[in-house]
Amino acid sequence: MLLHECKSIEKTENGYILHGDTADVLLIFMTDDVIRIRVSFQKNFKEESYTLVTTAWEDRMDDLLKGERVRIQALDVPCEETEKKLVFSTQTCTLEVNKKPLYFTLKTLDGKIIYQDLRERAFEEDQLGRLSHFSKIDMATDHFYGFGEKTGHLDKKGRRLRMSPKDAIGHDPEHGDPMYKHIPFYIRVNEKNLHAVGLFYHNSYDSVFDMGQELSGYWDRYCYYQTDGGDIDLFLLNGPEMSAVIDRYTMLTGRSALPTKQSLGYCASTMYYAELEKDCDKEIYQVIDKHEKEEILIDNFWLASGYSSGEEDNLRYVFNWNYKRFPNPKEFFDKMNARGINVIPNLKPGILKNHPYMDLFEKNDVFIKNPDGNGDYYGRWWGGEGRFFDFTNPKSREVWKNLLEERILKMGTKTVWNDNCEMDGVEDRNAKCDFEGEGGTMAELKILHSNLMAFLAKQALADVYPGERPYIINRAGYAGIQRYAQVWGGDNLTDWRTVKFNIATIMGMGLSGCANMGCDIGGFAGGAPEAELLLRWIQSGIFQPRFCLNSANNDNTVTQPWMYEENMEYVRAAYAQRYRMLPYLYSLMYEANQNGMPAMRPLFLEFPEDVKCYSDENLTFMFGKSVLVANVVEPGAKTRTIYLPAGCRWFDMNDNLREYEGGQTITIPVTLGSIPMFLRGSSVYVTSEDVKHILADTMRQVDLLVSADTDTSFVMYDDDGHTEDYKNGVYAKTTIDVKAGDQTAITFDTEGSYESPVEKMTIRLVSKQKGAFWVTVDGEKITRYIVKDGWDAAESGWYYNLSDRTIWVKYPVPKKKNYKVIISREKFDLIGMVEE
């Protein structure tokens with residue numbers, strides 16, 4: 001049945017209820033730009049969300065989420081009623097409700113339409129109980145981004161996408177669907193008005209997004225969202241900037257957790273390391289030795305589930321230890337921690353019949369139940385029929401948490417890896433869950449178990465390691481998973497298309513609030529990657545927040561960074577580049593923690609005025625706001641085609657900062673060693689050569705590459721990298737503010753109480769026309785060096801490098817919170833007179 005008309009309107013404590021002929025609509029203006037439109041055909045608005053961290057109403061989960069959730073005061077927006085419409089205006093936009101037929105229109109204050117429902121068919125409940133929301137679209141000029149973890153190119157126009165998380169091993173990287181995550185959120189933008197609008201459907205039932213694949217001659221072109229149950233609980237997020245939409249979405253569902261520094265280092269993994277008959281610990285020590293010998297930088301090790309297998313049957317039993325493979329787990333962790341390697345054990349929520357803790361589980365009634373509520377539900381699992389923990393049950397959570405603490409965390413790890421948490425083995429969606437004592441079905445709660453696993457891990461880590469920053473990894477997740485966990489793209493296929501389209505998958509997750517994302521480098525499912533493919537994958541992987549090789553090759557091989565000796569020079573160079581970029585990446589992850597902005601960004605996120613960026617399919621991306629990356633992703637490539645966004649100059653960082661004008665497509669030559677990177681014309685890029693091993697090394701020197709075509713800025717963030725002291729102001733947040741001009745002024749303004757270990761600073765300022773006249777640091781002129789050898793040997797000074805035409809400045813960092821570097825490029829004659 002359709003919701004045809006609004007018959008009356010009722011004012012409530014925090015908004016309105018529109019009473020319709022077949023459904024009621026709850027309308028709440030949370031802020032000027034966040035509008036909740038909840039359509040209930042049951043005419044019942046029960047609030048019980050595990051997902052939202054910002055609300056404007058009482059919710060049954062408030063106590064459970066009391067450390068995360070904030071309740072704000074909804075706006076009291078007056079309603080202007082006419083014969084045909086209800087009109088609500090905030091400080092930034094206007095929402096119009098057409099009474100009959102009922103549909104919504106969002107406009108700018110000057111009357112431009114930025115979103116509209118499909119007239120006469122906005123909201124519908126079908127004969128199967130499925131709910132649909134139809135939106136009007138323009139197939140020529142609209143674009144749709146986000147949707148969480150999806151395959152193919154970034155723009156989903158014309159695609160039909162399903163949200164029903166699966167154990168999607170070996171999925172097609174271009175067309176496969178669904179995947180592991182369920183994030184019913186997308187951003188739409190039209191080329192004509194360039195005004196971004198976000199739509200978040202707060203509903204965890206399986207659903208479908210049809211973004212214009214379906215069409216009917218009886219209607220305007222449309223897209224639709226269809227869900228198997230619940231309500232159409234839509235949060236309409238006004239931009240106009242896409243970054244503002246992301247900010248508002250992560251305000252609702254949570255900011256990305258600030259990662260530990262160590263988690264941004266390289267992580268080694270393969271299933272085979274933990275599958276030997278005995279003494280896997282010794283094999284792993286040798287693997288770490290090999291990394292050190294080959295000068296492959298490493299800080300983390302994923303311990304696959306083989307450690308938990310039964311000694312007699314080799315079946316996986318979570319929280320169990322196979323003592324043939326790991327005779328003394330605590331000693332193993334101690335030795336790895338002493339080497340600065342964070343070991344991350346795999347955890348799975350399914351339980352086989354011979355599990356050693358089965359008596360404990362049954363005594364505490366921890367499992368999901370049959371549809372009739374009688375008896376535990378049995379479904380498909382690794383190794384046979386299994387039962388599944390009910391993470392919506394407080395008693396189940398307590399059992400899991402206690403075992404996690406005693407059997408895993410107290411062994412010596414500070415990281416939790418939740419695998420196979422899609423609950424894909426629970427085939428019957430009518431299976432029953434506790435749902436905090438109220439009862440619910442897997443149809444609604446299936447994917448929420450994955451978020452609750454991460455929520456529980458956060459609690460366990462706080463118990464065992466109070467004050468330490470939690471590091472949690474999830475394969476599956478619903479909206480909001482970013483506030484708990486780093487995520488990865490599951491068991492991807494070893495294929496050239498995967499290295500290419502994983503870039504778009506990660507960017508789509510970033511636009512969906514999940515900035516801390518990566519995909520298995522080298523591929524998980526399939527045979528060993530060929531030499532060129534592995535190299536290109538590593539070169540691409542160094543920009544992903546999660547940088548990990550992981551495999552379960554089906555040809556009895558193990559994917560390892562040194563497996564092709566002929567490419568080791570390039571492999572080492574790529575790893576070195578990753579570690580060189582750590583201060584920049586850490587600063588980007590801090591930005592994500594503050595406002596949701598991802599590290600890997602589509603071009604249009606930084607260049608929204610350039611219409612060409614919205615349809616660009618070159619699979620390039622902005623790494624932060626300063627650097628454009630164009631990884632080589634085709635076999636045998638001799639060239640790389642790149643679109644450089646309009647509005648600034650670009651400098652090729654691998655070709656002596658060769659200059660290009662923006663707004664054009666270029667083709668550059670590439671070799672096996674190429675990692676094409678371009679510096680934005682107004683930008684600050686931060687690196688350091690000091691850290692090769694994150695726990696052992698200290699960053700003493702920071703190197704800046706600066707281009708100042710126009711004013712620009714960058715926030716360089718640092719803290720101890722592992723505790724939660726940053727929440728109490730123990731950080732060093734340095735705003736680097738660059739004022740362009742003949743005298744380029746670079747101001748460093750630091751806030752926070754963290755004592756930075758940085759002692760030295762170098763700056764390379766792009767200056768293609770000429771060198772400097774003079775340079776001052778904190779008001780004092782520093783020495784000019786004509787010969788680079790003198791500059792190399794000096795503590796401070798400046799030098800003009802003609803190879804790339806940059807002014808090199810170096811100096812000891814002043815012991816103060818605020819100082820300025822001025823680089824004069826004023827005109828002057830040979831005897832030092834400034835030209836008027």
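This text goes with the structure placed above it.
Residues numbered from 1 in each chain as written. Predicted model: local features only at pLDDT ≥ 70, side-chain atom pairs only at ≥ 80, totals over all residues. Heavy atoms only, no water.

Asker: So what exactly am I meant to see when it comes to the packing of helix H9 (residues 531–541) against helix H10 (residues 568–580) here?
Answerer: Packed helices, taken two at a time, are described by the angle their axes make and the gap between the axes. Between H9 and H10, the least distance of the axes is 9 Å, while the angle of their chain directions is 10 degrees. Classed by the angle they form, the pair H9 and H10 counts as roughly parallel. Mapping the contact onto sequence places Leu535, Ile538, Gln539 and Gly541 in H9 and Tyr570, Val571, Ala574, Tyr575 and Arg578 in H10. The residue makeup of the contact of H9 with H10, split by class, is six nonpolar, two polar and one charged. (Axes fitted to C-alpha atoms, helices over the stretch in contact; angles between N-to-C directions. Helix = DSSP H or I, 4+ residues; strand = E, 2+ residues; numbered from the N terminus. Parallel < 35°, antiparallel > 145°, perpendicular 65-115°, else oblique. Contact = heavy atoms within 4.5 Å. Nonpolar A, V, L, I, M, F, W, Y, C, P; charged D, E, K, R; others polar.)

Asker: Could you clarify how one ought to interpret the packing of aromatic side chains in this entry?
Answerer: For any two aromatic rings, the description comes down to two numbers: the centre-to-centre distance and the angle of the planes. All chains considered together, the criterion is met by 57 aromatic pairs. Between the aromatic rings of Phe367 and Phe389, the centroid separation amounts to 6.0 Å while the plane-to-plane angle is 80 degrees, which identifies the pairing as edge-to-face. Placement of Phe367 in the loop between helix H4 (358–363) and strand E26 (379–381) and of Phe389 in the loop between strand E27 (384–388) and helix H5 (394–408) is noted, with a sequence separation of 22 residues between them. Summarising the burial analysis for this pair, Phe367 and Phe389 share the class buried. For the ring pair Phe455 and Tyr484, a centre distance of 6.0 Å and an interplane angle of 65 degrees mean the geometry is edge-to-face. You can see Phe455 sitting in helix H7 (residues 448–464) and its partner Tyr484 sitting in the loop between strand E32 (477–478) and strand E33 (486–488), a full 29 residues away along the chain. (Phe/Tyr/Trp six-rings, centres within 6.5 Å; stacked < 30°, edge-to-face > 60°. Buried < 20%, exposed > 50% of the residue type's maximum accessible area, 1.4 Å probe, protein only.)

Asker: What is the right way to read H10 from this model?
Answerer: Counting along an α-helix, one turn takes 3.6 residues, and residues three or four places apart therefore face a common direction. Taking 1.5 Å as the rise per residue, H10 with 13 residues should run 18 Å; its terminal C-alpha atoms sit 18 Å apart, in good agreement. Every buried residue belonging to H10 is among Met568, Val571, Ala574, Tyr575, Ala576, Gln577, Arg578 and Tyr579, and all of these are buried. If you follow the buried residues of H10, they end up packed against H9, strand E35 (548–549), helix H11 (582–595), strand E43 (677–680) and strand E44 (682–687). (Expected span 1.5 Å × (residues − 1).)

Asker: Got a minute to help me understand H9 in this structure?
Answerer: Burial of H9 is extensive: eleven of the eleven residues sit out of reach of the surface. In the core, the buried residues of H9 are packed alongside helix H8 (496–511), E35 and H10.

Asker: Got a minute to help me understand the pattern of salt bridges in this structure?
Answerer: As a working rule, side chains carrying opposite charge can pair if their charged atoms are close by. Applying the stated rule across the entire model yields 75 salt bridges. One salt bridge in this structure joins Lys348 and Asp419, with 3.1 Å as the shortest N-O distance. Of this pair, Lys348 sits in the loop between strand E24 (342–347) and strand E25 (350–352) while Asp419 sits in the loop between strand E28 (415–418) and strand E29 (432–433), placing them 71 residues apart in sequence. For the pair formed by Lys348 and Asp419, the shared burial category is buried. Overlapping salt bridges bring together Asp167, Lys348, Asp419, Glu422, Arg475 and Asp491 as one network. (Salt bridge = Lys/Arg side-chain N within 4 Å of Asp/Glu carboxyl O.)

Asker: I keep staring at the sheet that holds strand E46 (residues 712–718) and nothing clicks. Help me out?
Answerer: Strand order in the open sheet made by the six strands is E46-E47-E48-E54-E50-E51, with antiparallel pairing throughout. For this open sheet the edge positions go to E46 and strand E51 (780–781), each flanked by a neighbour on one side alone. Of the pairings in the sheet, the one linking E46 to strand E47 (residues 732–739) comprises seven bridges and is antiparallel in character. Paired with Tyr717 across the strands is Lys733, a residue of E47. (Pairing = 2+ DSSP bridges.)

Asker: For this particular structure, what's the right way to read the pairing of strand E10 (residues 103–108)?
Answerer: Across a regular strand the side chains alternate sides, sitting on one face of the sheet and then on the other. Here E10 lies mainly inside the structure; six of its six residues are buried. Of the two faces of E10, the one carrying Tyr103, Thr105 and Lys107 and the one carrying Phe104, Leu106 and Thr108 are both buried. By the bridge criterion, six bridges tie strand E9 (residues 93–98) to E10 in an arrangement that is antiparallel. Looking across to E10, one finds that Thr94 is bridged to Lys107. The turn linking E9 back onto E10 is made up of four residues. Judged from the three bridges that link them, E10 and strand E11 (residues 113–116) form a sheet pairing that is antiparallel. Note that in E11 the partner of Leu106 across the bridge is Tyr115.

Asker: Please clarify how the sheet that holds E10 should be interpreted in this entry.
Answerer: Strands in a sheet are paired, the pairing made by backbone hydrogen bonds, and the direction either parallel or antiparallel. If you trace the five strands from one edge of the open sheet to the other, you get E7-E8-E9-E10-E11, paired in antiparallel fashion. The strands lining the two open edges of the sheet, one partner per strand, are strand E7 (79–81) and E11. The mean angle between the axes of side-by-side strands here comes to 20 degrees, regardless of whether they run parallel or antiparallel.

Asker: Mind showing me how you'd approach the side chain of Thr498 here?
Answerer: When you line up the elements, Thr498 lands in helix H8. Among residues more than four places away in sequence, those in contact with Thr498 are Pro173, Asn492, Leu493 and Trp537.

Asker: Is there a simple way to think about the environment of Val730 in this case?
Answerer: With respect to the helices and strands, Val730 occurs in the loop between E46 and E47. For the pair formed by Val730 and Asp720, sequence separation is ten residues and the distance between their alpha carbons is 8.3 Å. In this structure, Val730 is in contact with Asp719, Asp725, Ser753 and Tyr754, ignoring residues within four places of it in sequence.

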